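Residue-level structural notes
Okay, here's what each chain looks like letter by letter:
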Amino acid sequence: MGNKIVVPFGSQHIALPEPVSFLFDTKNEIITDVRVDVGYVHRGIEKAAITKFEFTNVAYLLTRICGFCSITHAGGYHHGIEKLLDVEAPKRAEYIRLIITELDRIHSHMLANAHVAEVAGYENLFMQGVKDREIVMDLLENITGNRIQYDIYTIGGVRRDISKETAEYIKKQLNKLKDKVLKVYDFYDTDYTFGLKTKGISYISYDDAKKYNVVGPIARASGLATDARAEFDYLPYDELGFEVQTRTEGDVWARNIVRQMEVVHSIDLILRAIDNLPEGDIKVKYKGRPKGETFVRVEAPRGECFYYLKGNGTKVLERVRVRVPTYSNIPILKELFVGEKYSDAQPIVLSFDPCMSCTAR
Amino acid sequence: MVKMFIESFKNLFSKPETVKYPFEPFPEPEGFRGTILYDEELCIFCDRCENVCPPGAILFEIVDVENNKREYNYNPYLCIYCGACVDVCPKADEGCLTQVNTRIKPLGNEVVKNKKLGYLINKIENPKEVEKAWRELEIRAKESREKYAEFKKQQRLKKRAQAQKAKETKTDDN
Ligand code: SF4
Ligand code: SF4
């Protein structure tokens, strides 16, 4: 019954803009084994962070680990360094941080979902998703001054305030976006052809998700309610009534739906945050140098991101360790391929929304 | 499926969502983090901007060691537009270092020219030479610092020797 054929996926592949290499052993279209290599974009950022940069400006380096979740890395670093320096950001700053973090999640999720639609052969839906995403990008550019690298965090607060007009503008645009998102949600939910390509593909059970320590929307699509926003206290999510979004189907389709649910929930969170934006300063002064060690867990769009910082009382940190969500999800990804058709490999990879720049750093 | 079809059909006749870049400029919003402009008149040469800049896109070269005359150099093609330099500049409020909300053109066939962009970039004509010139400047700037430190040290030694001498003559007088 057929010979074994090795089909490479990457390191450069049109479906995935980032370099990652999968080598599939296939037999009659069915994948029998897979080898993964993720180290193509290693830039030595962790080493640079402890040699070339002082703790005051290393954040500009760390946020450039990733173009999607730069705010996650800013959050991971700043919440950690604030613990070490023993400063607390004012309430208003925390709210602004939350708004940007959630906006970032919205645009990341929208693109991830659109990408799955694209590789499932549904280019129309892709365009629809990306078109709506532009609203969020414009909002981010308006608030922070840049589309991708927001650089809004600073030690002890944020660098820019949200004015009254901007707040009104955000509210108006988000209400507009919500209608559009709900419409696209409906397509993902009810579309027959999209369902054929995604339902039942690459099923992860609750037990498997637990066993392989899966994080992020992938875990939540299997019913595993793990979310750093609920489990670790770093931004005022409790005050705004954050709820973990879960599904139980555990397939490619469910992952898209979870992400879409989170987009809607994030929009609600931001609207609530804008309505309750506290008055006051956006920045406090800090003194001293980081000493001791600490860790932070933040929820990136792709799952839980872990930061470990160690300072020794000098300007340069002794250790910066980042563990990103995609890295935690690779073991299960490898397992999933076996037994699936090669033609489904692309939706499976894309439904994990892998970020190789984060993983290899 | 049908709903999507209707949606796509509507899209056929709606206004395009894209911008015709590069034939039309891409609009920058208010508060966009763009080019860094510098005003030499107001600068107090505290070097803070150089020290904070993550990629090292600001470099001061000491051209005259004896009078400590410094020249500001900025590389807009290396800058990551983070705005950290403006945050730390003590004279930023007066307009010494400002971040405007326009961007410079990508390095294509010509190098941007603006007096407020510092010395080096205004001296280069050929875009292919920017990188090489910047590398050379990095070395020169480092050397000029060493020379300046050496000069300072010599001066200090001289002063000390003079003071010693003055002391000696004083004791001789006694
Ligand atoms: S904006 Fe950032 S990268 Fe550019 S010169 Fe200023 S500190 Fe350097
Ligand atoms: S921080 Fe401002 S005042 Fe100081 S050297 Fe730079 S431009 Fe001049």
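Residues numbered from 1 in each chain as written. Chains lettered and ligands numbered in written order. Predicted model: local features only at pLDDT ≥ 70, side-chain atom pairs only at ≥ 80, totals over all residues. Heavy atoms only, no water.

Quick look at the overall build of chain A now. Across its full length, chain A holds 14 helices and 8 strands. The C-alpha radius of gyration computed for chain A amounts to 21 Å, which stays within 12% of the reference 21 Å derived for 361 residues, consistent with globular compactness. Its C-alpha atoms give chain A principal-axis dimensions of about 70 × 45 × 35 Å. By residue count, 61% of the 361 residues in chain A fall in the buried class. Residue pairs at least 24 apart in sequence account for 71% of intrachain contacts in chain A once pairs closer than 6 positions are excluded. Distance between charge centres in chain A, computed from 49 positive and 50 negative side chains, equals 5 Å. (Helix = DSSP H or I, 4+ residues; strand = E, 2+ residues; numbered from the N terminus. Rg over C-alpha atoms; globule rule 2.2 N^0.38 Å. Buried < 20%, exposed > 50% of the residue type's maximum accessible area, 1.4 Å probe, protein only. Contact = heavy atoms within 4.5 Å. Lys, Arg positive; Asp, Glu negative; His and termini not counted. Charge placed at Lys NZ, Arg CZ, Asp CG, Glu CD.)

A separate point is the site of ligand 2. Lining the immediate surroundings of ligand 2 are B:Tyr38, B:Cys43, B:Ile44, B:Phe45, B:Cys46, B:Asp47, B:Cys49, B:Phe60, B:Cys89, B:Pro90, B:Cys96 and B:Leu97. Residue composition of the shell around ligand 2, grouped by class: 11 nonpolar, no polar and 1 charged. (Near = heavy atom within 4 Å. Nonpolar A, V, L, I, M, F, W, Y, C, P; charged D, E, K, R; others polar.)

Looking now at the side chain of B:Ser144. In this fold, B:Ser144 is placed in helix α5 (residues 130–173). Leaving out residues up to four positions away in the same chain, B:Ser144 has contacts with B:Glu61 and B:Ile62.

Residue and element names in this part refer to chain A. In terms of strand pairing, strand β6 (residues 291–300) meets strand β7 (residues 303–312) through 10 bridges, oriented antiparallel. Residue pairing in the sheet places Val 296 in a bridge with Tyr 307 of β7. The hairpin formed by β6 and β7 contains 2 residues between the paired strands. Note: β7 against strand β8 (residues 319–323), 5 bridges, orientation antiparallel. Bridge pairing in β8 places Tyr 308 opposite Arg 321. Joining the antiparallel neighbours β7 and β8 is a turn of 6 residues, in which Gly 313 adopts a positive phi near 85°. (Pairing = 2+ DSSP bridges.)

Our focus in this paragraph is the interface of chain B and chain A. Facing 23 residues of chain B, the contacting portion of chain A comprises 26 residues. Regarding the contact of chain B and chain A, the summed buried area is about 2,100 Å², with carbon and sulfur atoms giving 47% of it. There are 2 salt bridges connecting chain B and chain A. With its nearest N and O atoms 2.8 Å apart, the salt bridge here joins A:Arg159 to B:Asp87. Our count for the chain B to chain A interface comes out at 9 residue pairs in polar contact (both at pLDDT 80 or more). Taken together, the elements giving at least two residues each to the side of chain B that touches chain A come down to α1 (2–13), α2 (48–52) and α3 (84–88) of chain B. (Buried area = accessible area lost by both parts, 1.4 Å probe. Salt bridge = Lys/Arg side-chain N within 4 Å of Asp/Glu carboxyl O. Polar contact = N/O pair within 3.5 Å; in protein donor to acceptor, adjacent residues only side chain to side chain.)

A word on the sheet that holds strand β1 (residues 4–9) of chain A. Residue and element names in this part refer to chain A. With antiparallel pairing, the 3 strands of this open sheet are ordered in space as β1-β2-β3. Strands with a single pairing partner mark the edges of an open sheet, and in this sheet they are β1 and β3 (30–37). Pairs of neighbouring strands in the sheet enclose a mean axial angle of 20°, with direction left out of account. Sheet topology note: the β1/strand β2 (residues 21–27) ladder contains 6 bridges and is antiparallel. The residue of β2 that forms the bridge with Val 7 is Phe 24. Across the sheet, helix α12 (residues 325–337) lies against β2 and β3, angled at about 155° from β3, the strand it touches most. (Axes fitted to C-alpha atoms, helices over the stretch in contact; angles between N-to-C directions.)

All names here are of chain A. Taken as a whole and judged by the stated rule, the model has 33 salt bridges over all chains. The shortest N-O distance in the salt bridge between Arg 64 and Asp 151 comes to 3.0 Å. A residue pair is termed long-range when its members are at least 10 positions apart, and Arg 64 in the loop between α2 (58–62) and α3 (70–85) and Asp 151 in the loop between α5 (123–144) and β4 (153–154) qualify at 87 residues. As far as burial versus exposure is concerned, Arg 64 and Asp 151 are alike and both buried. A salt bridge links Lys 178 to Asp 268; the shortest N-O distance between them is 2.8 Å. With a gap of 90 residues between them, Lys 178 in helix α6 (residues 164–190) and Asp 268 in helix α11 (residues 252–275) connect regions that are remote in the sequence. The exposure class assigned to Lys 178 is partly exposed, which follows from its relative accessible area of 22%.

So, about the packing of aromatic side chains. The description of an aromatic ring pair rests on the distance of the ring centres and on the angle between the ring planes. Summed over the entire model, instances satisfying the criterion amount to 15 aromatic pairs over all chains. Aromatic pair A:Phe9 and A:Phe24: ring centres 6.2 Å apart, planes at 70°, arrangement edge-to-face. Linking A:Phe9 in strand β1 with A:Phe24 in strand β2, this pair joins segments that are 15 residues apart in sequence. Pair check on accessibility: A:Phe9 and A:Phe24 agree, each one buried. Put simply, the rings of A:Phe232, A:Tyr234, A:Tyr237, A:Phe242, A:Phe295 and A:Phe306 pair up and form one aromatic cluster. A cation over an aromatic ring shows up here: A:Lys83 above the ring of A:Phe295, its NZ or CZ 5.4 Å from the ring centre. The ring of B:Tyr148 has B:Arg70 lying over it, and the distance from NZ or CZ to the ring centre is 5.7 Å. (Phe/Tyr/Trp six-rings, centres within 6.5 Å; stacked < 30°, edge-to-face > 60°. Lys NZ or Arg CZ within 6 Å of the ring centre and 35° of its normal.)

Further remarks concern a nonpolar patch on the surface. Among the surface-exposed residues, B:Phe9, B:Leu12 and B:Phe13 lie close enough to one another that they form a single nonpolar patch of about 390 Å² accessible area. According to the relative accessible area criterion, B:Phe13 is exposed, its value standing at 65%. (Patch = residues over 30% accessible without salt bridge, like charges linked within 9 Å, V, L, I, M, F, W, Y side chains within 5 Å. Areas by Shrake-Rupley, 256 points an atom, 1.4 Å probe, with all protein chains shown as cover.)

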